[in-house]
Amino acid sequence: MGTITTTDGTEIFYKDWGSGRPVVFSHGWPLTADTWDPQLLFIASQGYRVIAHDRRGHGRSGQSWGGHDMDTYADDLSELVEALNLNNATFVGHSTGGGEVTRYLGRHGTSRAAQAVLLSAVPPLMLKTDSNPEGTPMEVFDEIREGVRADRSQYYQDLSKPFYGANRPGSNISKGTLDAFWLMSMTVSLKAAYDCVKAFSETDFTDDLTRIDVPMLIAQGDDDQIVPFPDAAPKAAELVKDPTLKVYPGSPHGLAGAHSDTFNADLLRFLQT
């Protein structure tokens with residue numbers, strides 16, 4: 001584990017486990033690198049080097065006032081990749097982290113990338129617009145911002161249930177998983193959590209996706225209650241040059257339990273190709 005300091009003076013915390021070809025993980029909102037620990041342990045145990053950072057304003061990274069936008073997130077990721085001199089890497093992004101990976105590859109190119117993976121990710125565009133009529137209305141994101149501003153602790157407790165599908169009949173998601181979601185979320189600065197809603201909902205990644213020329217695994221559950229499936233993975237797969245679309249029937253937005261194990265196996269299989 002270590003830190004780098006970005007050009008604007010923000011400290012970025014990262015984990016760096018194992019050895020071998022690098023696999024770089026970007027987490028979702030409002031979480032931290034710790035959400036990837038099951039994947040980091042599994043993939044590192046298979047002979048890979050795994051790196052996961054806390055996005056600025058999240059967890060153990062610096063709580064900067066500004067920079068909570070996709071361009072800066074992508075630039076922070078680029079500075080980490082450059083500092084560690086990572087090459088032939090696979091970039092894996094979940095939810096907002098999928099937007100970060102997409103913008104990084106679109107903005108900084110794929111010279112250091114071998115593959116990319118988007119899991120339950122926000123690209124191409126979440127917001128409903130004239131050109132994206134199937135998107136989510138702005139009012140939904142305004143409600144998220146108000147929930148975070150007014151009582152973020154209770155909001156995160158409530159959000160954890162649809163995030164993992166714990167509100168569905170027959171769910172066996174543990175209380176510990178929901179508590180871990182709350183704990184990670186509470187380490188995020190209020191400014192970062194609030195501003196990031198705009199970043200993940202209003203950023204259009206269409207052009208970035210068309211620039212990506214490395215193989216990409218695009219995976220999502222079709223019961224995703226956070227990033228609606230019809231407006232995410234299938235559309236992203238139509239835009240990249242070398243996609244593999246993987247749909248998990250009945251699976252939620254967040255990784256836990258059997259869904260996590262299934263994704264681990266699919267990720268390892270993709271890495272081995």
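Residues numbered from 1 in each chain as written. Predicted model: local features only at pLDDT ≥ 70, side-chain atom pairs only at ≥ 80, totals over all residues. Heavy atoms only, no water.

K.L.:
Mind showing me how you'd approach the overall build of the chain here?
P.N.:
Tallying secondary structure elements over the chain gives nine helices and eight strands in all. What you see for the chain is a C-alpha radius of gyration of 17 Å, in line with the 19 Å of a compact globule of 273 residues. The principal-axis extent of the C-alpha atoms belonging to the chain is close to 40 × 40 × 40 Å. A separation threshold of at least 6 residues defines the contact pool for the chain, and within that pool the share at least 24 residues apart is 77%. Within the chain, the 36 negative side-chain charges are centred at a point lying 2 Å from the centre of the 23 positive side-chain charges. (Helix = DSSP H or I, 4+ residues; strand = E, 2+ residues; numbered from the N terminus. Rg over C-alpha atoms; globule rule 2.2 N^0.38 Å. Contact = heavy atoms within 4.5 Å. Lys, Arg positive; Asp, Glu negative; His and termini not counted. Charge placed at Lys NZ, Arg CZ, Asp CG, Glu CD.)

K.L.:
Explain the side chain of N132 here, please?
P.N.:
Along the chain, the position of N132 falls in the loop between β6 (113–119) and α4 (138–164). On the basis of relative accessibility, which here comes to 6%, the residue N132 falls in the buried class. A distance of 3.1 Å separates a polar side-chain atom of N132 from the backbone oxygen of L125. Within polar-contact distance, the side chain of N132 engages the backbone oxygen of L127 at 2.9 Å. With residues up to four places along the chain from it excluded, the contact list for N132 reads L125, M126, L127, D231 and K235. (Buried < 20%, exposed > 50% of the residue type's maximum accessible area, 1.4 Å probe, protein only. Polar contact = N/O pair within 3.5 Å; in protein donor to acceptor, adjacent residues only side chain to side chain.)

K.L.:
Whenever I open this one, the pattern of salt bridges confuses me. Can you help?
P.N.:
Working definition: two side chains of opposite charge can pair if their charged atoms are close together. In this structure the tally under the stated criterion is 23 salt bridges. With a closest N to O distance of 2.8 Å, D34 and R60 form a salt bridge. With D34 in the loop between β3 (22–26) and α1 (37–45) and R60 in the loop between β4 (49–53) and α2 (70–84), the pair connects residues that are 26 residues apart, well separated along the chain. With a relative accessible area of 36%, R60 lands in the partly exposed category. Residue K175 pairs with D179 through a salt bridge whose shortest N-O separation is 2.8 Å. In this pair, K175 and D179 both sit in helix α5 (residues 175–185), four residues apart, roughly one turn of the helix. A relative accessible area of 59% places K175 in the exposed class. A residue is classified by how much of its surface remains accessible, and D179, at 35% relative accessible area, is partly exposed. (Salt bridge = Lys/Arg side-chain N within 4 Å of Asp/Glu carboxyl O.)

K.L.:
Just to check I follow, could you spell out the pairing of strand β8 (residues 243–248) for this structure?
P.N.:
In the case of a regular strand, side chains alternate between the two sheet surfaces. Where strand β7 (residues 216–221) lies against β8, six bridges are found, and the strand directions are parallel. By the bridge assignment, A219 is partnered in β8 with K246. Since β7 and β8 lie parallel, the crossover through helix α8 (residues 233–239) that links them has a hand, and here it is right-handed. (Pairing = 2+ DSSP bridges. Right-handed = clockwise from strand over helix to strand, strands pointing away.)

K.L.:
When you look at the sheet that holds β3 in this model, what are you seeing that I'm missing?
P.N.:
Strand pairing in a sheet takes place through backbone hydrogen bonds and is either antiparallel or parallel in direction. Taken in spatial order, the eight strands line up as β1-β2-β4-β3-β5-β6-β7-β8 in an open sheet, and their pairing is mixed. In the strand order of this sheet, the two ends are held by β1 (2–5) and β8, each with one partner. In this sheet, neighbouring strand axes are inclined to one another by 20° on average, regardless of whether the strands run parallel or antiparallel. Across six bridges, the pairing between strand β5 (residues 89–94) and β6 is parallel. Paired with F91 across the two strands is A116, which belongs to β6. Contacting β2 (11–17), β3 and β4, α1 crosses the sheet at an angle of about 40° to β2. Lying on the sheet, helix α3 (residues 96–108) is in contact with β3, β4, β5 and β6; it crosses β5 at an angle near 140°. (Axes fitted to C-alpha atoms, helices over the stretch in contact; angles between N-to-C directions.)

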